[in-house]
Amino acid sequence: MVFSELHTPQRTIMTPGPVEVDPRVLRVMSTPVLGQFDPAFTNIMNEVMEMLRQVFQTKNRWAFPIDGTSRSGNEAILCSIIEPGDKVLVPIFGRFGHLLVEICERYGAEVHTIERPWGEVFEPQEVIAEIKKVQPKIVAIVHGETSTGRMQPLKEIGRACRENDILLVVDAVASIGGVEVKTDEWFIDGLIGGTQKCLSVPSGMAPITYNDRIENILFSRKKVERGIATMEDLQYTRMRPVIASNYFDLSMLQDYWGPRRLNHHTEATSMIYALHEGLRLVLTEGLEQRFDRHKLHEEALVAGLKAMGLGLFGDPDHKLPCVTCVEIPRGVDGEQVRKMLLDEFSIEIASSFGPLHGKIWRIGTMGYSCRKENVLSVLGALEAVLIRNGVGVNRGEALQAALDVYKVERVKVISDK
């Protein structure tokens, strides 16, 4: 059997991940592969760590990517600090809170949960009251929940955790690089990001950071595998049970990313190039400017959807700026609309999960996908497809409303100069 050369179609990707990869990131991925201990490559690794500290807004010593999709970062931090029987509190307000529960249970934690209906978030005092009741070792919580398009306030929760000597682990996969995430100021002990969303890098890495409170646990559980251990490593006295996972063992991974350069696995060289370039582009744009860009295109998209006559899902006061959830009009086959958008306009939007499947569409404005031409394209195409499917939309209003937002912003920029 003869296979043809790979030719992928051009798409406008407006999902909550993966998103369009910045062409500059794609370009660096084609550069020559270096050995993982080549000084030229370890220097790139060091620069990735420093750029991650800036993007995470932290002074933590440890900030590096886990090789694997976003949930690998969640698993690496949680499995490295959870011992069987540890109490973990997980506030759930969407699909990915349930994922945190799944991971914690698999490593033997005693998991306690509280839940809000999908589309809502927690008042910080709700979580704080449960913290005082349960007295967990760890609170694990999602910051930006893509399944519902909501964003959980964290600062008060973080302060309460620190005051009660509880570790706070935060899934910021959907928010890092698109909205404000202040690791140190919000008292976050362990933070997980993702590459395939607001950073506009392909899926395959999970950037993380953690502080010395977590590092102290790692030292007490440290085990170096025998094939690479020194005599000193073999004689090390652990105070706590060894970390259950080898691949996700942060105590070994930090030896790999730190000055010791102790071999753990073969680094995903081209993905490190991609992450380096993605982070460089974030910092070149500037964090505040990048957050403002995401807010602008969200505003234009929302204005267009409302002008079209569509309803938005979820608590508007806690909307995740880079994900907009749209109520599917009654009697409309949501999957048929998505299929027609892809087939006729080469535009992809997302459905959702669980109780929201078939009830909402999710439109992402993330990273490189978060551009004026993409917002205008998805509004125009969605209007056309809905009309084709017999939905009575306000014809011609969506694009005009979005253009009005961009016009106001243009006037504002000119007046500020």
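Everything below is about the structure printed above this text.
Residues numbered from 1 in each chain as written. Predicted model: local features only at pLDDT ≥ 70, side-chain atom pairs only at ≥ 80, totals over all residues. Heavy atoms only, no water.

(A) Up close: the pattern of salt bridges. The tally for this structure, following the rule as stated, stands at 26 salt bridges. Across the pair D165 and R213 runs a salt bridge, and its minimum N-O distance is 3.1 Å. Here the residue D165 occupies a position in the loop between α6 (155–163) and β8 (167–171), and R213 occupies one in helix α7 (residues 212–221), the gap between them amounting to 48 residues. Given a relative accessible area of 60%, D165 falls into the exposed group. For E277, the salt bridge identified is with R280, shortest N-O distance 2.8 Å. You can see E277 and its partner R280 sitting in helix α10 (residues 269–285), three residues apart, about one turn around the helix. Look at E277 and you get buried, because its relative accessible area is 7%. Note on R280: relative accessible area 34%, which makes it partly exposed. Where salt bridges share partners, they join E83, D86, K137 and R240 into one cluster. (Salt bridge = Lys/Arg side-chain N within 4 Å of Asp/Glu carboxyl O. Helix = DSSP H or I, 4+ residues; strand = E, 2+ residues; numbered from the N terminus. Buried < 20%, exposed > 50% of the residue type's maximum accessible area, 1.4 Å probe, protein only.)

(B) Broad picture of α7. A large share of α7 lies buried, amounting to seven of its 10 residues. All of the buried residues in α7 are R213, I214, E215, I217, L218, S220 and R221. The N-capping residue of α7, defined by a side-chain oxygen 3.1 Å from the backbone nitrogen of R213, is N211. (Polar contact = N/O pair within 3.5 Å; in protein donor to acceptor, adjacent residues only side chain to side chain.)

(C) The arrangement of unusual backbone geometry in detail. The omega torsion across G17 and P18 is 0°, close enough to zero to call that bond cis. For P18, the location among the structural elements is in the loop between β1 (12–13) and α1 (23–29). Positive phi values are uncommon outside glycine, yet Q135 reaches one of about 55°. Within the secondary structure, Q135 is located in the loop between α5 (124–134) and β5 (138–142). Among the residues examined, Q135 registers a relative accessible area of 42% and is labelled partly exposed.

(D) The environment of D184, seen in detail. Its place among the elements puts D184 in the loop between β8 and β9 (190–192). With a relative accessible area of 33%, D184 lands in the partly exposed category. D184 has contacts with Q57, T58, K59 and N60, leaving out every residue within four places of it along the chain. A distance of 2.8 Å separates a polar atom in the side chain of D184 from the backbone nitrogen of K59. (Contact = heavy atoms within 4.5 Å.)

(E) Structural detail: the environment of E335. By secondary structure assignment, the location of E335 is in helix α12 (residues 334–345). For the pair E335 and V242, spaced 93 residues apart in sequence, the C-alpha to C-alpha distance is 47 Å. At 2.7 Å, the side chain of E335 forms a polar contact with the side chain of R338.

(F) Structural view of the sheet that holds β8. Pairing in this open sheet of seven strands is mixed, and the strands run β2-β10-β9-β8-β5-β3-β4 from one edge to the other. Bordering the open sheet on either side are β2 (62–67) and β4 (110–115), each of which pairs with just one other strand. On average, each strand axis in the sheet is tilted by 20° relative to the strand beside it, whichever way the strands run. Here β9 runs beside strand β10 (residues 205–210); their pairing, made up of three bridges, is antiparallel. Looking across to β10, one finds that G190 is bridged to Y210. Sheet contacts for helix α4 (residues 95–106): β3 (87–92), β4, β5 and β8; angle to β3, the most-contacted strand, approximately 165°. (Pairing = 2+ DSSP bridges. Axes fitted to C-alpha atoms, helices over the stretch in contact; angles between N-to-C directions.)

(G) Expanded view of the nonpolar core. Counting 86 residues, the largest nonpolar core has F64, I66 and L250 as the members making the most contacts within it. Top contributing element to this core by residue count: helix α2 (residues 39–56), with nine residues. Setting aside residues no more than four positions away along its own chain, I66 makes contact with S72, G73, A76, G204, M205, A206, I208, F248, L250 and L253. Grouped together as the second largest cluster of nonpolar side chains are 30 residues, L296, L310, V385 and Y406 included. (Core = buried A, V, L, I, M, F, W, Y, C linked by side-chain atoms within 4.5 Å.)

(H) Focus on α4. Here α4 spans 17 Å end to end across 12 residues, near enough to the 16 Å set by a 1.5 Å rise per residue. Restricting attention to buried positions, one finds in α4 the residues F96, G97, L99, L100, V101, I103 and C104. Check the buried side of α4 and you find it contacts α3 (70–81), β3, β4, β5, β6 (144–145) and β8. (Expected span 1.5 Å × (residues − 1).)

(I) Structural detail: the pairing of β4. Pairing between β3 and β4: six bridges, direction parallel. Across the sheet, residue V90 finds its bridge partner in β4, namely T113. A crossover links β3 with its parallel partner β4, the connecting element being α4, and its sense is right-handed. (Right-handed = clockwise from strand over helix to strand, strands pointing away.)

(J) Molecular detail of the packing of α10 against helix α11 (residues 287–308). Contact pair α10 / α11: the axes reach a minimum separation of 5 Å and the direction vectors enclose 90°. Relative to α11, the element α10 is oriented roughly perpendicular. Between α10 and α11, the residues in contact are L281, V282 and E285 and L287, Q289, R290 and R293, respectively. Here the contact of α10 with α11 is composed, by residue class, of three nonpolar, one polar and three charged. (Parallel < 35°, antiparallel > 145°, perpendicular 65-115°, else oblique. Nonpolar A, V, L, I, M, F, W, Y, C, P; charged D, E, K, R; others polar.)

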